[in-house]
Amino acid sequence: MARLFAASLDDLRALLQRGPGGPGDIYPAAGVPWRCGPPAAEALWAVRMALPLGTGLAAATLRAVARGQIRDGGADLGRIPGPLRDAGPHLPPSCTGVEATLAFPVVLAEARLWGLPGHDLEELLPAAERCLRWLRTALGDGQPLGEPGPDGPRRAATQAHAHRAALLGAELLEACGRPGADALREAAAGLRGTFVRTFWIDDASGGRPAAARTAEGGLLPWPSADLAHLLDTGLTAGGGRARGLLDAPRRALLAKVLTGPDLDSGWGLRGLGGREPGHNPFGHRAGAVRVHETAVAISGLAAAGHQAAGVLLRGLLDAAESFGYRLPEMYAGRRRAEGGAPVPHPAACRPAAVAAAAGVHVVAALAGIGPDAPGGLVAVRPLREAPLGAVRLSGLRVAGEPFSVRVGRKGLGVVEEAADGLQLGA
């Protein structure tokens, strides 16, 4: 684990680029060699997962992304542009612009909980409000969010992103004394109800979510790794505020889907179940293991208290070892039981921002750190089964100060270093 953490830090540093705003204008490139352009969705997910290291990179990246936000009037007001990518055998390409627009307020809200300084919050809040205004408009008719474009398929992961943005956005607006929190909470509640009615597939096992539904209402039932986004995927979920799209019984059913042999290759989660039509271990969305999705599954399962998080974590660490701890953004989803080592994807970026940040994210998820810096609290809820034995995490930052925690072999967490006045929350 120490080697993965160190390699992840090295890769994140190597990917940093400077913008036109001076020495503090830095953000991670999505990946080398293919995606070194302006920051958007991948950069936002990467800095979100790297928040345990401090909030400075998140603030700088949010500024860089906000420069491209659409500020003219019309239906696109507040949206962040982005290209289409990652077509699969059953779905057209997804829109990275929609993904980035929904991620922006989430990253800002969670950065505030980790200790983002007030001047950064004040500067970035207007851009987050524009993102949330776009979201309220997009959900205005009470229907799930379609993309690319309103007539596109309704992806389950997109509904999860929208739900999380609405809930965290409401918290953010309320904490900053801005209007609109109640409307966002109502939109989130409506989306939860609509999702259960229109995305959930009942079967003999208790049911499972569909990966997507068409604009006409047809369900696409094939299991995929991006269903992990339906869980509470942020480390701040340890603070006790549930932000996933599913209730506890359905989260337990989803955990079975994610950790079953159809999706879990033994090295990480496949983009499409191994028994499904169109499965291809090297396909971008057809069976390859994408490190980001496996990482969010680990943190989401850990936040929900599922021991399966430890199984996925061990598989990802074993895969990392075979790559010298420099994880590519994706690798072939061949079953571990077939023997051999994980096979790198020929088109994968390596290093990649989301893969490098995932190394930080899963290590912090092991300790279950849930900060609330404005409230002067931090929760520590480690995985009870301590899948890697006793560990000590240092070099983290909460409320702008060094933070260290030790997790014993019985899964008990002890804070060893923290900011003055920071209390251990329940």
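Only a predicted model underlies this, so the values are computations on that prediction, with no experimental measurement involved. (Residues numbered from 1 in each chain as written. Predicted model: local features only at pLDDT ≥ 70, side-chain atom pairs only at ≥ 80, totals over all residues. Heavy atoms only, no water.)

### Re the pairing of strand 12 (residues 369–372)
Alternating positions in strand 12 separate into two faces, I369 and P371 on one and G370 and D372 on the other, with burial throughout. Taken together, the 4 bridges between strand 12 and strand 13 (residues 377–380) define a ladder with antiparallel strand orientation. When the bridges of strand 13 are listed, G370 appears paired with A379. Once strand 12 ends, the chain turns through 4 residues before running back antiparallel as strand 13, passing G376 with a positive phi of about 70°. (Buried < 20%, exposed > 50% of the residue type's maximum accessible area, 1.4 Å probe, protein only. Helix = DSSP H or I, 4+ residues; strand = E, 2+ residues; numbered from the N terminus. Pairing = 2+ DSSP bridges.)

### Some words on the sheet that holds strand 5 (residues 154–155)
Strands in a sheet are paired, the pairing made by backbone hydrogen bonds, and the direction either parallel or antiparallel. Strands sit in the order 5-8-9 across an open sheet of 3 strands; the sheet is antiparallel. The outermost strands of the open sheet, each flanked by one partner alone, are strand 5 and strand 9 (219–220). When strand 8 (residues 212–213) meets strand 9, the two strands line up antiparallel, connected through 2 bridges. Bridged to R213 within strand 9 is L219.

### Focus: the packing of aromatic side chains
According to the stated counting rule, one finds 2 aromatic pairs in the structure shown. Taken together, a centroid distance of 4.6 Å and an interplanar angle of 10° make the contact between F195 and F199 stacked. Taken together, the residues F195 and F199, both in helix 7 (residues 181–199) and 4 residues apart, mark about one turn of the helix. The same class applies to F195 and to F199, which are both buried. Between F323 and Y331, the ring centres sit 5.3 Å apart and the planes meet at 45°, which makes this aromatic pair tilted. Its relative accessible area of 8% is what places F323 among the buried residues. (Phe/Tyr/Trp six-rings, centres within 6.5 Å; stacked < 30°, edge-to-face > 60°.)

### Focus: the pattern of salt bridges
Overall, the coordinates contain 24 salt bridges when judged by the stated rule. With its nearest N and O atoms 2.8 Å apart, the salt bridge here joins R326 to D11. Here R326 is found in the loop between helix 10 (308–322) and strand 11 (330–331), whereas its partner D11 is found in helix 1 (residues 2–14), with 315 residues between them in sequence. Between D86 and R290 there is a salt bridge whose closest N-O contact spans 3.2 Å. (Salt bridge = Lys/Arg side-chain N within 4 Å of Asp/Glu carboxyl O.)

### So, the packing of helix 2 (residues 41–49) against helix 4 (residues 96–114)
Packing of helix 2 against helix 4 leaves a shortest axis separation of 8 Å and a crossing angle of 25°. The orientation of helix 2 relative to helix 4 falls into the category roughly parallel. Crossing of helix 2 against helix 4: the hand is left-handed. Across from A41, L44, W45, V47 and R48 in helix 2, the residues of helix 4 making contact are T96, E99, A100, A103, F104, V106, V107 and E110. A class-by-class count of the residues in the contact of helix 2 with helix 4 yields 9 nonpolar, 1 polar and 3 charged. (Axes fitted to C-alpha atoms, helices over the stretch in contact; angles between N-to-C directions. Parallel < 35°, antiparallel > 145°, perpendicular 65-115°, else oblique. Left-handed = near helix turned anticlockwise from the far one by under 90°. Contact = heavy atoms within 4.5 Å. Nonpolar A, V, L, I, M, F, W, Y, C, P; charged D, E, K, R; others polar.)

### Quick notes on unusual backbone geometry
Residue P33 is reached from V32 by a cis peptide bond, and omega for that bond is 10°. Residue placement: P33 occurs in the loop between strand 2 (26–28) and helix 2. Residue E147 is joined to P148 through a cis peptide bond whose omega torsion reads 5°. Within the element layout of this structure, P148 appears in the loop between helix 5 (118–138) and strand 5. One non-glycine residue, Y325, adopts positive backbone phi at about 70°. In this fold, Y325 is placed in the loop between helix 10 and strand 11. Not every positive phi belongs to a glycine, and A399 is a case in point at roughly 60°. Turning to its location among the elements, A399 is positioned in the loop between strand 14 (391–398) and strand 15 (401–407).

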